[in-house]
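One-letter residues, chain by chain:
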Amino acid sequence: MIQYISMILGVAIIVYMMLRNWSPIITGIVAAALVILMNGLPYGTTMMDTYFGAFAGMFKSLFPPIFSGCLIAQLYIRSGAVVTIADKLCNAMFGKTSSASRKYTMAILSMVIASGGISFCGINSLVVLIAMYPIALRIMERAGIPKRFVMGILSGGVYTFALSAPGTTETVNILAMQALGTPSYAGLYGGLIAVIAEVTMMTVILTKMIKKAVLNGETFAYGSRDIHWDEDENAAKRPGLIISLIPLLVLIIIFNFFSVNIFMATMIGWILALILFWKYIDGRKEVMEICVEGGKDAFGPISSVGSLVGFTSVVQLLPGFQTLLDSIFTIDVSPVIILILAISLVAGLTGSSTSAVRIGIPLIAERCTAAGLSLSFIHRVSCFACTTIDTLPWSTAIVINLGIADLKLKDAYPPMFVSTCLSTLCGTIICSLFMYVFPNLP
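A short tour of the structure in this document, coming up. (Residues numbered from 1 in each chain as written. Predicted model: local features only at pLDDT ≥ 70, side-chain atom pairs only at ≥ 80, totals over all residues. Heavy atoms only, no water.)

1. Digging into the overall build of the chain
- Helices and strands together make up the secondary structure of the chain, namely 19 helices and zero strands.
- A compact globule built from 442 residues would reach a C-alpha radius of gyration of about 22 Å, and the chain, at 22 Å, matches this within 12%.
- Projected onto its principal axes, the C-alpha coordinates of the chain cover approximately 65 × 55 × 50 Å.
- In the chain, which comprises 442 residues, the proportion classed as buried is 54%.
- For the chain, the computed accessible surface area is about 18,500 Å², with 67% contributed by carbon and sulfur atoms.
- If you average the places of the 26 positive and of the 22 negative side-chain charges in the chain, the two averages end up 5 Å apart. (Helix = DSSP H or I, 4+ residues; strand = E, 2+ residues; numbered from the N terminus. Rg over C-alpha atoms; globule rule 2.2 N^0.38 Å. Buried < 20%, exposed > 50% of the residue type's maximum accessible area, 1.4 Å probe, protein only. Areas by Shrake-Rupley, 256 points an atom, 1.4 Å probe, with all protein chains shown as cover. Lys, Arg positive; Asp, Glu negative; His and termini not counted. Charge placed at Lys NZ, Arg CZ, Asp CG, Glu CD.)

2. Some words on the packing of aromatic side chains
- Using the criterion set out here, one finds nine aromatic pairs in the structure.
- Here the aromatic rings of F59 and F299 are separated by 5.6 Å at their centres, their planes lie at 65°, and the arrangement is edge-to-face. You can see F59 sitting in helix α3 (residues 43-79) and its partner F299 sitting in helix α13 (residues 283-316), a full 240 residues away along the chain.
- With a centroid separation of 5.4 Å and an interplanar angle of 10°, the aromatic rings of F63 and F67 are classed as stacked. (Phe/Tyr/Trp six-rings, centres within 6.5 Å; stacked < 30°, edge-to-face > 60°.)

3. Some details on the nonpolar core
- Y76, V150 and M151 are the most contacted members of the largest nonpolar core, which has 128 residues in total.
- It is α3 that provides the largest number of residues to this core, a total of 13 residues.
- Excluding anything up to four places from it in sequence, M151 contacts L129, Y133, N401, I404, A405 and M416. (Core = buried A, V, L, I, M, F, W, Y, C linked by side-chain atoms within 4.5 Å. Contact = heavy atoms within 4.5 Å.)

4. A few points about α3
- Maximum bend of α3: about 40°, positioned at F63, with proline P64 one to four residues after it.
- Positive phi shows up at G80, right after α3, with a value of about 95°. (Bend = angle between axes of the 7 residues up to and from the residue.)

5. With respect to the environment of G306
- Assignment of secondary structure puts G306 in helix α13.
- Sequence spacing of G306 and Y51 is 255 residues, and the spatial spacing of their C-alpha atoms is 8.9 Å.
- When sequence neighbours within four positions are dropped, the list of residues in contact with G306 reads F55 and M58.

6. Section: the side chain of S313
- Structurally, S313 can be placed in helix α13.
- S313 has contacts with T50 and A54, leaving out every residue within four places of it along the chain.

7. Things to note about unusual backbone geometry
- Its identity as a non-glycine residue notwithstanding, D406 has a phi of 55°, on the positive side.
- As for its position among the elements, D406 is in the loop between α18 (396-405) and α19 (409-437).
- Given the relative accessible area of 40%, D406 is considered partly exposed.

8. A look at a nonpolar patch on the surface
- On the surface, Y189, Y436, V437, F438 and L441 cluster together into a nonpolar patch covering about 530 Å² of accessible area.
- The class of Y436 is exposed, set by a relative accessible area of 56%. (Patch = residues over 30% accessible without salt bridge, like charges linked within 9 Å, V, L, I, M, F, W, Y side chains within 5 Å. Salt bridge = Lys/Arg side-chain N within 4 Å of Asp/Glu carboxyl O.)

9. Observations concerning the pattern of salt bridges
- Applying the stated rule across the entire model yields six salt bridges.
- In this structure, the salt-bridge partner of R78 is E286, at a minimum N-O distance of 3.4 Å. In this pair, R78 sits in helix α3 while E286 sits in helix α13, placing the two residues 208 residues apart along the sequence.
- Judged by its relative accessible area of 17%, R78 falls in the buried class.
- Here K147 and D226 are joined by a salt bridge, their closest N and O atoms 2.8 Å apart. Residue K147 is located in the loop between α6 (125-143) and α7 (150-158), and its partner D226 is located in the loop between α10 (188-215) and α11 (241-256); the two are separated by 79 residues in the primary sequence. The pair formed by K147 and D226 is uniform in burial state, with each residue classed as buried.
- Beyond isolated ion pairs, a larger network of salt bridges with shared partners links R78, E286 and E289.

In structure tokens form, the structure reads like this:
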């Protein structure tokens, strides 16, 4: 019993301290120490080998792509390429005379589709968030959307259909393919219907939330760490649309079609952008500033993620953690409900959609097929279910989002909850119902 109490208290401490604006680095250490001490684990050994071992492993895997992504983001901001892309999107989606509702709706859709589409093609979600963040701010400035909604909107693309839609190149879909021997487009029709339901739901609810916030006096304002162009900046001082898009397109192409490592692909994109944007920045001096600021922007979020991953690794040492996982798969209810519960709860416990698919499918697949569910059903519903509660307040995705945008949990999380938990739950239910009613469709 003490193991379960310590896990609950550890999570509660993380949520409480983050709501109180404590650094996630300290928060993870405090929560891990509590679990270690309450369960009588050797403090020094567990912290050094398990906690900081996981911390270092996460830092090693995340720093290269995030650092290179931050370099690109800094260059796009300082050159003005961000303004070019964002303004063209805004002009295409809405004009100055459009109603507030249309501006909010079209701004949300443009950001969700753009971020989700790039992630769908296989670009690391963190790189997409970093690259899209300054573009999103400019769009929101034009539409009059308060900044605290930025990560809720971008997450609506990156952490939803980009992971779960048929044909996506994201890891979640690939792991399901490997576990079940199914094609990438398994559950095609059910998946597409669910994607439409997800995007529609998040757009409607977020639009209503934005309207309410604006009526309450909230306005768009850049943060103290955000770099932005003044409204009266001359367009001749920044790159044109085609030049602005070339580095991003090259990045997507060489990563997806030539299998170039994401760090190398991003660095190639950065070097190409540096060449194309050279006359729009202040020479070597600004390049040095870009490198310094890129390192700062990457270090904070990754350290925060590493701290919470370290806490999760300590929790996973407890026998009660595995017992809790095993109990999920023995509940006596419909196999469809078992499938959704098992995958989503593992995602919630680990804070990772990837872990949910990797752990959950092998454990539940045999029972589901014995009950008559097709492999396509298991594949697609699992991909949707793993995105439902993998973004609770203590998850790595939320911590990274807060770090990128320099936002507080209490301000930024409600929109993120709508896009990554509420709408994904809707998508999961729609997908499972459709595929259950029409089992013979691809």
